[in-house]
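Descriptive structure summary
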Amino acid sequence: MVATVRRQRPRRLACWALMTVLLADLLALSDTLAVMSVDLGSESMKVAIVKPGVPMEIVLNKESRRKTPVTVTLKENERFFGDSAASMAIKNPKATLRYFQHLLGKQENNPHVALYKARFPEHELGFDPQRQTVYFQISPQLQFSPEEILSMLLNYSRSLAEDFAEQPIKDAVITVPAFFNQAERRAVLQAARMAGLKVLQLINDNTATALSYGVFRRKDINSTAQNIMFYDMGSGSTVCTIVTYQTVKTKDAGMQPQLQIRGVGFDRTLGGLEMELRLREHLAGLFNEQRRGQRAKDVRENPRAMAKLLREANRLKTVLSANADHVAQIEGLMDDVDFKAKVTRAEFEELCADLFERVPGPVQQALQSAEMKLDEIEQVILVGGATRVPKVQEVLLKAVGKEELGKNINADEAAAMGAVYQAAALSKAFKVKPFVVRDAVIYPILVEFTREVEEETGVRSLKHNKRILFSRMGPYPQRKVITFNRYSHDFNFHINYGDLGFLGPEDLRVFGSQNLTTVKLKGVGESFKKYPDYESKGIKAHFNLDESGVLSLDRVESVFETLVEDSPEEESTLTKLGNTISSLFGGGSTPDTKENGTDTVQEEEEGPAEGSKDEPGEQAELKEEAEAPTEDTSSPPPPEAKGTAAPEGEKAAEKDGGDKPEAQKPSEKGEAGSEGAPPAPEEEKKQKPARKQRMVEEIGVELVVLDLPDLPEDQLARSAQKLQDLTLRDLQKQEREKAANSLEAFIFETQDKLYQPEYQEVSTEEQREDISGKLSAASTWLEDEGFGATTAMLKEKLAELRKLCHGLFFRVEERKKWPERLSALDNLLNHSSMFLKGARLIPEMDQIFTEVEMTTLEKIINETWAWKNTTVAEQAKLPATEKPVLLSKDIEAKMAALDREVQYLLNKAKFAKPRPRPRDKNGTRAEAPLNASASDQSEKVIPPPGQTEDTKPIPEPEKEAGSEAADSEPLELGGPTAESEPKEHPEQPTGQKRTLKNDEL
Ligand SMILES: Nc1ncnc2c1ncn2[C@@H]1O[C@H](COP(=O)(O)OP(=O)(O)OP(=O)(O)O)[C@@H](O)[C@H]1O
Ligand SMILES: [Mg+2]
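The notes below deal with the structure included here. (Residues numbered from 1 in each chain as written. Chains lettered and ligands numbered in written order. Predicted model: local features only at pLDDT ≥ 70, side-chain atom pairs only at ≥ 80, totals over all residues. Heavy atoms only, no water.)

1. Let's talk about the sheet that holds strand S9 (residues 125–128)
Rules: We treat two strands as partners when DSSP finds at least two bridges between them. Each helix is a run of H or I in the DSSP string that is no shorter than four residues. Each strand is a run of E no shorter than two, and both are numbered from the N terminus.
Overall, antiparallel pairing links the three strands, which are arranged S9-S10-S11 in an open sheet. In this open sheet, the two strands that pair with only one neighbour each are S9 and strand S11 (143–144). As judged from the four bridges shared by S9 and strand S10 (residues 133–137), these two strands associate in the antiparallel manner. Bridged to Phe127 within S10 is Val134.

In structure tokens:
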């Protein structure tokens, strides 16, 4: 691909090498908007963009750093983000929020809420009774939900990306931890909506990392499966992922590389933050110890001191990764008392011993979920900042039994890079080399329903049924249809998580509600009344687990079938009928309804479910709609899939804006038709006595959300507005600050200028005193009243001062410009004169310029010389403190006028065709035109080099001996250097030595 990098920014060489690889993979299709990715870590976010011409780059923030703290400071009248907010943490611990993602999608009784309160007691958390969630109470007036805070950060990440890309950005891929459940994912989506971001996908951060790894090693992937383990220990959590890479055959793009998530294990609270907190606690203890007996207060009760300690703990932890010991040091930690203490790595490891014991946990879980053994894993690769802790590596190395741990990806940026590759793949603006991504469901989802059955005559009982909808480690995105076959009246069913036994009891409590939604159907009975003569094919519920891992119930339909005569008349009647109700083509291979003898629900397999490894009887009869992608990065072909997903089509369908499988398209148009194959030709139709007619009635659905209710639409809109207002306020505040800074800078700089010689030269003592006095007054005003001044007032004050100093600055500026401008004018005059002289020497027969043209040029040259001489003389007489009469703009105007005239003649010469030369009988040239005078004729001879000719009265530079410029080739000013010294204008500076091109003056 061809791509140009428009901006030069400091970046690493290695990064460039990677970029070069990706240039081949990314092709910008148009100059449309850039897309971005945000790897939203607990501690820091890494933002990347891709735009036509600038493929996949990590965004540098305002401080030119590649990581931005996920931190916001919320004050009454202003907000700070990223590094600025992080530096406010000590001054404003209560208003500076960090690690708030740990509260997303959690209800108040969640252990993570209690953990947050314990870790950050400086924050006051309010309770929202409607959603049973918490919010930050910053002050009596200020309160924000975790979604709102996240939305602010996402908006900020966008502003960083936009500044970097130098264009607006709306589309983003956002990473989430793989262990995020439905409520947590929806919370991120809601935050993005508030920020006005279009989320192309929420991608699991481990999948994004695996994608980045695969994309950069595309050539190493072949048909032999390679299993790679990624161990990501970040700030907040740890995730271990087993990924299989291999090439697979895709429908449209042939053999392509694929990554499949095979196993995932995680620890939601194991990470760098917990280590820091342990260290902080240790340092706090040491400080208290140092002050024992002084009746000092416990440092833990002082939020500012604790913020200082946390920052120092972070620094200390990082230094201890490379050193055996280090001295923690904080000036004025509390009550102006300094703190100093040596901490060894051994002490740190002791403090975190139980944490290090947890390092192997995620590895075991990942292996279990993948049903793999360690010897099947080729390599274990480190990801995330906290894997830099030596003890983590030591324990992990032992746990995985390898010779070494792979450090061959950028542990900080891989997820952001993978996510932005995905963003490019999903955006219409880029064509991306296919890389098939098969992500896996971590938390199984099932459908539960209860039905009254009659086991023996007269004995009725309730039977509880469960059907797995999306199995653990099954692939997604995926659509599934479940068919309820024995209902003819309204009923309810429940969508719940499946077996979460792999989570420990504590993790289960953190997980929250295991019930997702109760679905109440309305209109089942009516649908039966509507089609009394049809046979019911069941109530079909269409589910979608989309590329963000978010479950939705697309629609519920009541489906009926009947056999109809296949006559043309009837067909048209039915078509009419079909236009009034939605109907559905069944898949050709769809078997007739299979009765499930044991219960009342029937699960149909309506799509090709090749390669399914799902347990028979559980899921095999669920339909998985055939619309998974081919060549893209969103969903996979299924060579050894646990569940099934046809590899082709999903992306195309998404991009087309459609979300229904091809086979169903006709039904969307309300057509009715026979089930199965395309319409048969006439003759065949005649042979067929009857065919199946399928009718579909949409069923009303009421959803009762049981895990965590989404923010109601009106509240979402209010939040979006609230955040927009804050952004506007911030912008206005920034503008005001800019205005105040400009005014302050102007006063300061001008006061300084008044003492510089070039300013003193063009001003009187009196003038300087006047300006200085007014500047001082403005400075006092700014100090005394500037705080309350509006942006307009500050701008007005600056305008007044600029006006006051305008004359002085103008005089200085003009003087600076004169030498260069006058020299350029002289040059132009010299060359114009030479040009004119040359033009006049052209033999009349060949002459291409008219006399009027040459006279006009001559006149302009003369007038310009005269103007220059007079004005320069006049200026010389004027005192320097007065407004000059020699103005650079006038010189420029004179030059432009002269240049225009010369250009005109040059152009004429350029395009002039040589005149035909009539020959007489003897083959000699014809005589000159009749009007040519004798002297004219004598002048047709071009003088030989070195011979000067002064036939014209205009002041013209004399040629130096040996110069052939004007003589040998009158129009070819690009000859030898022309150096001239006009005798008539003694003040004219010597012409600059310069070779001129043909059309250049
Ligand atoms: N040299 C180092 N030694 C020890 N710890 C380090 C080092 N460098 C970074 N860290 C720690 O790594 C953590 C940040 O890692 P990373 O950026 O991967 O986390 P994150 O993506 O913000 O969080 P998460 O993925 O858990 O949500 C911090 O706790 C930081 O202190
Ligand atoms: Mg991370």
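Further notes follow.
2. Focus: the pattern of salt bridges
Oppositely charged side chains can form a pair if their charged atoms are brought close together. The cut-off we apply is this: We define a salt bridge as a contact between a side-chain nitrogen of Lys or Arg and a carboxyl oxygen of Asp or Glu at a distance within 4 Å.
For the structure on display, the rule yields 53 salt bridges. For the salt bridge of Arg268 with Glu184, the shortest nitrogen-to-oxygen distance reads 2.8 Å. Highlighted residues: Arg268 in the loop between strand S16 (254–267) and helix H7 (272–290) and Glu184 in helix H5 (residues 182–194), separated in sequence by 84 residues. For Arg186, the salt bridge identified is with Asp707, shortest N-O distance 2.9 Å. Remark: Asp707 occurs in the loop between strand S33 (700–705) and helix H20 (713–753) and Arg186 occurs in helix H5; sequence separation between them is 521 residues.

3. Topic: the site of ligand 1
What counts, and what does not: Near is defined per residue: the residue qualifies when any heavy atom it owns lies within 4 Å of the molecule or strand. Residues adjacent in sequence count toward polar contacts only when both atoms are side-chain atoms; beyond that, a polar contact is any pair of N or O atoms within 3.5 Å, and within protein one must be able to donate a hydrogen and the other to accept it. Each accessible area value is a Shrake-Rupley result obtained with a 1.4 Å probe; residue values ignore everything except the protein chains displayed when judging cover.
Taken together, 22 residues form the shell around ligand 1, and within it Ser42, Glu43, Gly236, Lys317 and Ser321 come nearest. Contact distances for ligand 1 include 2.8 Å between an oxygen atom and a backbone N or O atom of Gly236. Here ligand 1 has 650 Å² of accessible area as a free molecule, and 91% of this is covered by the chains. Breaking the shell around ligand 1 down by element, the ones donating at least two residues are strand S3 (44–51), H7 and helix H8 (303–320).

4. Regarding the pairing of strand S15 (residues 238–250)
Just so we agree on the cut-off: Only protein chains enter the area calculation, which uses a 1.4 Å probe; residues under 20% of their type maximum are buried, those over 50% are exposed, and those in between are partly exposed.
Burial analysis of S15 places 12 of its 13 residues in the buried class, which makes it a mostly covered element. In sequence, strand S14 (residues 226–233) turns back onto S15 through a hairpin of four residues. In this sheet, S16 lies alongside S15 in antiparallel orientation, the contact comprising 13 bridges. Bridge pairing in S16 links Val239 to Phe266. In sequence, S15 turns back onto S16 through a hairpin of three residues.

5. Describing a negative patch on the surface
For clarity, the threshold we go by: A patch is a set of surface residues, each over 30% in relative accessible area and not in a salt bridge, joined within 9 Å for like charges and within 5 Å for the nonpolar side chains Val, Leu, Ile, Met, Phe, Trp and Tyr. Charge counting follows a simple rule: Lys and Arg are positive, Asp and Glu are negative, and His as well as the terminal groups are ignored. Where a charge sits is defined by one atom per residue type, namely NZ (Lys), CZ (Arg), CG (Asp) or CD (Glu).
On the surface, a cluster of negative charge is made up of Glu744, Glu783, Asp784 and Glu785. Within the secondary structure, Glu783 sits in helix H22 (residues 765–784).

6. As for the packing of aromatic side chains
We count it as follows: Ring geometry is summarised as follows: Phe, Tyr and Trp rings, the Trp one being its six-membered ring, pair when their centres sit within 6.5 Å, and such pairs are stacked at plane angles under 30 degrees, edge-to-face over 60 and tilted between the two. Definition used: whenever NZ (Lys) or CZ (Arg) falls within 6 Å of the ring centre and also within 35 degrees of the ring normal, the charge is taken to sit over that ring.
Overall, the coordinates contain 28 aromatic pairs when judged by the stated rule. Considering the side-chain rings of Phe81 and Tyr156, the 4.9 Å spacing of their centres and the 15° angle between planes classify their relative orientation as stacked. Of the two residues, Phe81 is situated in strand S7 (residues 79–81) and Tyr156 in helix H4 (residues 146–165); the sequence distance between them amounts to 75 residues. Of the two residues examined, Phe81 and Tyr156, each falls in the buried class. Geometrically, the ring pair formed by Phe493 and Phe543 is edge-to-face, given 6.3 Å between the ring centres and 75° between the ring planes. Of the two residues, Phe493 sits in strand S26 (residues 492–497) while Phe543 sits in strand S28 (residues 535–545), which places them 50 residues apart along the sequence. Joined through ring pairs, the aromatic side chains of Phe179, Phe180, Phe266, Tyr443, Tyr497, Phe502 and Phe511 make up one cluster. The ring of Tyr487 carries Arg451 above its face, with NZ or CZ at 5.6 Å from the centroid.

7. Side note on the side chain of Gln101
How we decide: In this description, contact between two residues means that some pair of their heavy atoms is separated by no more than 4.5 Å.
Looking at the secondary structure, you find Gln101 in the loop between strand S8 (96–98) and helix H3 (111–119). Ignoring anything within four residues of it in the chain, the contact list for Gln101 reads Leu40, Gly41, Ser42, Val70, Leu150 and Phe180.

8. Side note on the packing of H22 against helix H23 (residues 791–840)
Two quantities define a packed helix pair, namely the angle between the helix axes and the distance between the axes. Rule in force here: Axis lines are fitted through C-alpha atoms, for helices just across the contact stretch, and the angle between N-to-C directions can take any value from 0 to 180 degrees. Working definition: roughly parallel below 35 degrees, roughly antiparallel above 145 degrees, roughly perpendicular at 65 to 115 degrees, and oblique for all remaining angles. Helix crossings are classified by the rotation of the near helix relative to the far one: an anticlockwise turn of less than a right angle makes the crossing left-handed, while a clockwise turn makes it right-handed. Ten residues, namely Ala, Val, Leu, Ile, Met, Phe, Trp, Tyr, Cys and Pro, are considered nonpolar, four, namely Asp, Glu, Lys and Arg, are considered charged, and the remaining ones, Gly among them, are considered polar.
Between H22 and H23, whose axes approach to 11 Å, the crossing angle comes to 165°. As summarised for this structure, H22 and H23 are arranged roughly antiparallel, according to the angle between their axes. When the axes of H22 and H23 are compared, the crossing they make is left-handed. Here Gln767, Asp770, Ile771, Lys774, Leu775, Ala778, Trp781 and Leu782 of H22 lie close against H23, whose contacting residues are Met793, Leu794, Lys797, Leu801, Leu804, Cys805, Leu808 and Arg811. Of the residues that constitute the contact of H22 with H23, the class distribution is 11 nonpolar, one polar and four charged.

9. Details of H5
Condition: Helices are assigned an expected span. That span is 1.5 Å times one less than the residue count.
With 13 residues, H5 should cover 18 Å at 1.5 Å per step; its first-to-last C-alpha distance of 18 Å lies within 8% of that length. Among the 13 residues of H5, 11 are classified as buried, and the element is accordingly described as predominantly covered. For H5, the complete set of buried residues consists of Gln182, Ala183, Glu184, Arg185, Arg186, Ala187, Val188, Gln190, Ala191, Ala192 and Met194. Where H5 begins, the side chain of Asn181 points an oxygen toward the backbone nitrogen of Ala183, at a separation of 3.1 Å. In the stretch just after H5, Gly196 is the one whose phi turns positive, near 75°.

10. A few points about the environment of Glu162
By the secondary structure assignment, Glu162 is in helix H4. Judged by relative accessible area, which is 23%, Glu162 ranks as partly exposed. Put simply, Glu162 and Ala34 are 128 residues apart on the chain and 8.6 Å apart in space, counted from C-alpha to C-alpha. If near-sequence neighbours (up to four positions away) are discounted, Glu162 is found in contact with Gln167, Pro168 and Ile169. Within the structure, Glu162 has its side chain in polar contact with the backbone nitrogen of Ile169 (distance 2.8 Å).

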